[in-house]
Amino acid sequence: MNLHKHLLRGCAVALAAGAAMGAALAQQSVLRVVPHSNLSILDPIWTTQYMARNHGYMIYDTLFGTDEKGQIKPQMVDTWEVSPDSRLWTFKLRRGLEFHDGRPVTGEDVIASLARWGKRDAMGQKLFTFIARMDSPSPDTFRIFLSEACGIMLDALGKPSSNVPFIMPKRVADTPADKQIEEYVGSGPYVFKRDEFKPGDRAVYTKFAKYVPRKEPPSGSTGGKIAYIERVEWNLALRDAQAQVNALAKGEVDIIEQPAFESYAALTKDASVQIVNSNSLGFQYMVRFNHLHPPFNNPKVRQAAIAAFNQDAFLKAQVGIKEYYKSCPSMFVCGTPYGSTKGSDLIGKSNMKKAQDLLKASGYDGTTVVVMKPTDLASITKLPDVAAQLLRQAGFKVDLQSMDWNTLVGRRAKKDAPAAGGWNIFATSWVSPDVWNPLTNAAIGSAGEKSWFGWPTDAEIEKLRDQFAREIDAGKRKALAEAIQARAFEVGTHAPVGEYFNPAAVKKGVTGMVFGPGNFYWNIKK
Amino acid sequence: MFAFLVKRTLATVPVLLIVAVLVFLLLRLTPGDPAAIIAGDAASPENVAKIRENLGLSKPLVTQFGIWFGNLLAGDLGESYFFKMKVATLIGQRIEPTLALSFCTILIAVLVAVPLGVLAAWRQGGWLDRALMSFSVLGFSIPVFVLGYLLIWLVSLKLGLLPVQGYQRIGDGFGPFIRHLILPSVTLSVVYIALIARVTRASVQDVLSEDYIRTARAKGLPEARVLISHALVNAAVPILTVIGIGIALLIGGVVVTESVYGIPGLGRLTVDAVLARDFPTIQGVILFFSFVYVLINLLVDLSYLLFDPRIRY
């Protein structure tokens, strides 16, 4: 009888222990992330949306990457050679690279992927103006033949933000560039679980056991991408800021990628939560003018507005937490290779008196300025209010119009006059790599109606950008970037209105966050 | 009865047709460009134009409508611009959480509100009646999100009894399914308890003054039987109407609750689709909602037959 009881008790204890262990293991192998937005488009070449880029980093790999200091490092590429005239680049792929479907990664896959990316991405398009042809003499080698030498090859192949030149199987990369891909097979550290993807609910990634990581430690999008976690789940339904904080406090999620600024007060008080700023270069806020219509078709009026834009005012209102923002007059992000104060006096030493004087001298006739304000995008919603107030103080007549972000996105593409449904000003934000050099920075481009929304025209800027793309010498490239910035401030292409950080909130016990310009989910342990 | 059913079913056709045309036109006339949204912030105007062309948005409005309506007649609601998924699949993915939440909410509301309403009518002017009226005012006044956050704070964060967010499919186990539904259902049910209880009270109160109630009491029937079999059954028609409207509203409009509790339901899908200008999804979802409204109204009308023998169709 006693033996019977002991056996039963022993079994019960064993079962309970087994269940607890199983639960613990299951708990350990799943990382639950609340991403900064919804994942709607799964083709990171078709769109520049950051969520598609982050999805791309989970499942694809890149030829080169950018480390946390902004340096380009090889990733899928093992070795490469450049011919003495810098017109032939030969790249050898690392051994053992394999797609999730078991096929090896070959030079043909790389060529097809680069060709598709080169049709969509602005820097890719620029690179392809130099490319005469590409070939793959053997499965692990590909060559790029240039019509003339250029200095942007590695910057372009290793660019860390949208659009990232992810490598896809040739059959997928052969999809026309203006159509979305329908198969999501990469060679990255995680496999996308298409069958578990529910838009607006969750996206699931599982570890790719055959991924061959590099030996170097992880840094940015480079180094060893080791997946210690078996399964990563993106919670796409949890978008209410307070609900995110509650879920983290209760341990139902492990990481909030970009908490609302208002949430940090509660998060920092929670002993079970750590704040991790893995993107030390942060983001840049920007105010964009429409160069096609009065009053901002006049460079003097644009200069008056830039002089009025006190960066601290924008940052205090929008971010509000002193340690998470900084003033920076550079168009190319402070602390990066091209970050500089050259020509930035207007924004660097902004003052209202100067703005008022400049506006008076410009001959401004009192034309109403339409400022578009997105009410549903918490990360930038206060910027237009500040811009409107500062412009009014400078002497502008302002019409601040509220709308949702996607209405703004549609409206900013319109070239009509502001009174006919167009616009004069909008504000936005960029992750640093998107604006840290004269070619990735869309707002600098000044090719008229072919440029980014706002459509500035300036032949000198375009000439300097072209020289920058061709220049191989690093010192001369730096000087060219400074000259481009000085000219852009003179022309008034746009106004950088400060930089900020949006650190992740991470449950204590989650370690190994990768530092660099993006959101990366390898190397993490739980 | 059969003629009524046929007539009502046929009447849904023009309703859905008008809804289809109106939704299609309204979406195209409101500002916003799906192509620009899809392309992302850094896209060039040229890329945006290519995407617009690719989605068929550069075609004349009449042609776009013809294509969409032709597919609709063939039973195809179209494909989402964003998700590369059929709209019917998207609705299918989201319908379970919404139906589960609606069912639980209305179940709690009916189980609490109807007895409370009957008791309040029975003891008109008493403490229960006054308490119920006060609760009704509170239930109508308190915003759903405030109540939601308060319940999460108390029940989940302080007492640790229930999860703070999320939804578990019933196929993954009944326990987790119901644990995730309790808080959102209770949050949502408060306003419906207030509404149904008030209507029940008023309706039963009217019936209690009827002669046949006095006769039933004079015959010596137990008070419970008088209240339930004689009063409540005869007062059922307005109560059923309110419950029917409640179900329809719940299926189409629980966006705030879904947001606070991170539930991937139809309300959230609708808001996401509207914000993204995902025209095929918005059109599909609204047609689906219209169909649900029509169906529920029909079921409510039919349910009258069960409670009021004087009604004939």
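Cut-offs used in this document
Just so you know, the residues in each chain are numbered from 1, in the order the chain's sequence is written. Written order determines the labels here, with chains lettered from A and ligands numbered from 1. Where local features are concerned, this predicted model is filtered to residues with pLDDT of at least 70; where side-chain atom pairs are given and counted, the filter is 80 or more; whole-chain, interface and lining totals use all residues. With hydrogens and water set aside, each side-chain value is computed from the structure's full complement of heavy atoms. Helix and strand definitions here come from DSSP, where helices need a minimum of 4 consecutive H or I residues and strands a minimum of 2 consecutive E residues; each element is numbered from the N-terminal end. Here the term buried applies to any residue with accessible area under 20% of the maximum for its type, exposed to any over 50%, and partly exposed to those in between, with areas from a 1.4 Å probe on protein chains only. The contact rule is simple, with two residues in contact once any of their heavy atoms fall within 4.5 Å. Method for areas: the Shrake-Rupley scheme with a 1.4 Å probe, in which residue coverage is limited to the protein chains shown. Neither His nor the chain ends is counted toward charge; the positive residues are Lys and Arg and the negative residues Asp and Glu. Every charge is mapped to an atom, namely NZ of Lys, CZ of Arg, CG of Asp or CD of Glu. Working definition: a ring pair exists when centres of Phe, Tyr or Trp rings (six-membered ring for Trp) sit within 6.5 Å. Plane angles under 30 degrees give stacked, over 60 give edge-to-face, the rest tilted. Lysine NZ or arginine CZ positioned within 6 Å of the ring centre and within 35 degrees of the ring normal marks a charge as sitting over the ring. Angles shown run from 0 to 180 degrees and are taken between the N-to-C directions of axes, each axis being a line fitted to C-alpha atoms and, for helices, limited to the stretch in contact. When describing relative orientation, an angle under 35 degrees is termed roughly parallel and one over 145 degrees roughly antiparallel, while 65 to 115 degrees is termed roughly perpendicular and anything else oblique. Left-handed is the label given to a crossing in which the near helix is rotated counterclockwise from the far helix by less than a right angle, and right-handed is the label when the rotation is clockwise. Three categories are distinguished: nonpolar for Ala, Val, Leu, Ile, Met, Phe, Trp, Tyr, Cys and Pro, charged for Asp, Glu, Lys and Arg, and polar for the others, with Gly belonging to the last. Any two strands with at least two DSSP bridges between them are considered paired. In this description, a disulfide is simply a cysteine sulfur pair whose atoms lie within 2.5 Å. When two parts are put together, the accessible area they lose, computed with a 1.4 Å probe and summed over both, is reported as buried area. Any pair of N or O atoms that falls within 3.5 Å is considered a polar contact. Within protein, one atom must be able to donate a hydrogen and the other to accept it, and sequence-neighbouring residues count only if both atoms are side-chain atoms. What pLDDT reports is the predictor's confidence in each residue, on a scale of 0 through 100. Just to be clear on terms, a salt bridge is a Lys or Arg side-chain nitrogen sitting within 4 Å of an Asp or Glu carboxyl oxygen. Patch membership requires over 30% relative accessible area and the absence of a salt bridge. Like charges are linked within 9 Å, and nonpolar side chains (Val, Leu, Ile, Met, Phe, Trp, Tyr) within 5 Å. The arc under discussion is defined with respect to the helix axis, by the directions toward the C-beta atoms.

With that settled, consider the overall build of chain A. Helix and strand counts for chain A stand at 16 helices and 21 strands. Its C-alpha atoms give chain A principal-axis dimensions of about 100 × 55 × 40 Å. Counting only residues that meet the buried cut, chain A has 60% of its 526 residues in that class. Residue pairs at least 24 apart in sequence account for 73% of intrachain contacts in chain A once pairs closer than 6 positions are excluded. Accessible area for chain A stands at about 19,500 Å²; split by element, carbon and sulfur atoms hold 54% of it.

The helix and strand inventory of chain B stands at 14 helices and zero strands. N-terminal to C-terminal, the α/β element order of chain B is α-α-α-α-α-α-α-α-α-α-α-α-α-α. Principal-axis analysis of the C-alpha atoms gives chain B an extent of 85 × 55 × 35 Å. Counting only residues that meet the buried cut, chain B has 50% of its 313 residues in that class. In chain B, of all internal contacts separated by at least 6 residues, the share reaching a separation of at least 24 is 72%. Accessible surface, chain B as shown: approximately 14,500 Å² in total, 71% of it carbon and sulfur. Looking at charge distribution, chain B has the averaged site of its 24 positive side-chain charges lying 6 Å from that of its 18 negative ones.

On to the packing of aromatic side chains. Counting across every chain of the model gives 40 aromatic pairs over all chains. Relative to Phe192(A), the ring of Tyr184(A) has its centre 5.9 Å away and its plane inclined at 90°; by these criteria the two rings are edge-to-face. Judged on exposure class, the residue Tyr184(A) and its partner Phe192(A) are both buried. Ring centres of Phe283(A) and Tyr500(A) lie 5.0 Å apart, and the angle between their planes is 20°; on these two criteria the pair is classed as stacked. One end of the pair, Phe283(A), is in strand β15 (residues 283-289); the other, Tyr500(A), is in strand β20 (residues 494-500), with 217 residues separating them in the sequence. Take Phe283(A): its relative accessible area is 9%, and that puts it in the buried class. Aromatic ring contacts, followed pair by pair, group Tyr184(A), Phe192(A), Phe197(A), Tyr205(A), Trp234(A) and Tyr521(A) into a single cluster. Between the NZ or CZ atom of Arg28(B) and the centre of the ring of Phe24(B), over which it lies, the distance is 3.8 Å.

With that settled, consider the packing of helix α15 (residues 459-470) of chain A against helix α16 (residues 474-491) of chain A. Residues and elements named next belong to chain A. Contact pair α15 / α16: the axes reach a minimum separation of 9 Å and the direction vectors enclose 165°. Our classification of the angle between α15 and α16 gives roughly antiparallel. Crossing of α15 against α16: the hand is left-handed. Taking contact as the criterion, the partners of Glu-460, Ile-461, Leu-464, Arg-465, Gln-467 and Phe-468 in α15 are, on α16, Arg-477, Leu-480, Ala-481, Ala-483, Ile-484, Arg-487, Ala-488 and Val-491. Across the contact of α15 with α16, the residue classes tally to nine nonpolar, one polar and four charged.

All names here are of chain A. Pairing within the open sheet is mixed, and its seven strands lie in the order β10-β11-β12-β1-β13-β21-β14. Lying at the two open borders of the sheet, with one neighbouring strand each, are β10 (190-192) and β14 (273-276). Of the pairings in the sheet, the one linking β10 to strand β11 (residues 202-207) comprises three bridges and is antiparallel in character. Bridge pairing in β11 places Tyr-190 opposite Lys-207.

The subject of this paragraph is the state of the cysteines. Residues and elements named next belong to chain A. One pass over the full model with this rule turns up one disulfide over all chains. Each disulfide pairs two cysteine sulfurs, and for Cys-328 the partner residue is Cys-334, the sulfurs being separated by 2.0 Å. Between Cys-328 and Cys-334 the disulfide shows an S-S torsion of about 95°. By sign, it is right-handed. Assessed through its relative accessible area of 1%, Cys-328 is described here as buried. Judged by relative accessible area, Cys-334 falls into the partly exposed class, the value being 23%.

So, about the interface of chain A and chain B. Between chain A and chain B, the residue contacts involve 50 residues of the former and 44 residues of the latter. Each partner contributes to the roughly 3,900 Å² buried at the junction of chain A and chain B, and carbon and sulfur atoms together form 53% of this total. Three residues stand out in chain A for area buried against chain B, namely Pro199(A), Lys250(A) and Asn406(A), and they jointly supply 14% of the buried area on that side. Our enumeration of links across chain A and chain B arrives at 14 residue pairs in polar contact (both at pLDDT 80 or more).

A word on the confidence of the model for chain B. Per-residue confidence for chain B gives a mean pLDDT of 89, with 99% of residues at or over 70. Confidence, expressed as mean pLDDT per element, reaches its minimum in chain B at helix α2 (residues 34-39) of chain B with 82 and its maximum at helix α8 (residues 174-208) of chain B with 94.

Taken together, the buried positions of helix α7 (residues 241-249) of chain A are Ala243(A), Gln244(A), Val245(A), Asn246(A), Ala247(A) and Leu248(A). Residue Asp240(A) occupies the N-cap position of α7(A), its side-chain oxygen lying 3.3 Å from the main-chain nitrogen of Gln242(A).

It is worth spelling out the pattern of salt bridges at this point. Residues and elements named next belong to chain A. Taken as a whole and judged by the stated rule, the model has 45 salt bridges over all chains. Here Glu-233 ties to Arg-32 by a salt bridge, and the two come within 4.0 Å at their closest N and O atoms. Taken as a pair, Glu-233 in strand β12 (residues 231-235) and Arg-32 in strand β1 (residues 30-34) lie far apart in primary sequence, 201 residues in all. Residue class for Arg-32 comes out partly exposed when judged on its relative accessible area of 25%.

On to the sheet that holds strand β5 (residues 77-82) of chain A. Residue and element names in this part refer to chain A. Reading across the sheet, the four strands line up as β5-β6-β8-β7 and stay open at both edges, with antiparallel pairing between neighbours. Edge strands, defined here as strands with exactly one partner in the open sheet, are β5 and β7 (131-138). The average undirected angle you get between the axes of adjacent strands in this sheet is 20°. Strands in contact with helix α3 (residues 107-120) are β6 (88-93), β7 and β8 (141-146); relative to β7, the strand with the most contacts, it is inclined by about 160°.

All names here are of chain B. On the surface, Leu-17, Val-21, Leu-25, Leu-29 and Leu-61 cluster together to form a nonpolar patch covering roughly 410 Å² of accessible area. In terms of residue count, the dominant contributor to the nonpolar patch is helix α1 (residues 2-29) (four residues). In this structure, Leu-25 sits in helix α1. Leu-25 sits in the partly exposed class, given a relative accessible area of 36%.

What follows is about helix α10 (residues 311-318) of chain A. Residues and elements named next belong to chain A. Among the residues of α10, those classed as buried are Gln-311, Phe-314, Leu-315 and Gln-318. Along the long axis of α10, the arc covered by the buried residues comes to 90°, so they all point the same way. Tucked inside the fold, the buried residues of α10 contact β15, β16 (325-326), α11 (345-348), α13 (383-394) and β20. Residue Asn-310 occupies the N-cap position of α10, its side-chain oxygen lying 2.9 Å from the main-chain nitrogen of Asp-312. Phi for Gly-320, located one or two positions after α10, is positive at around 80°.

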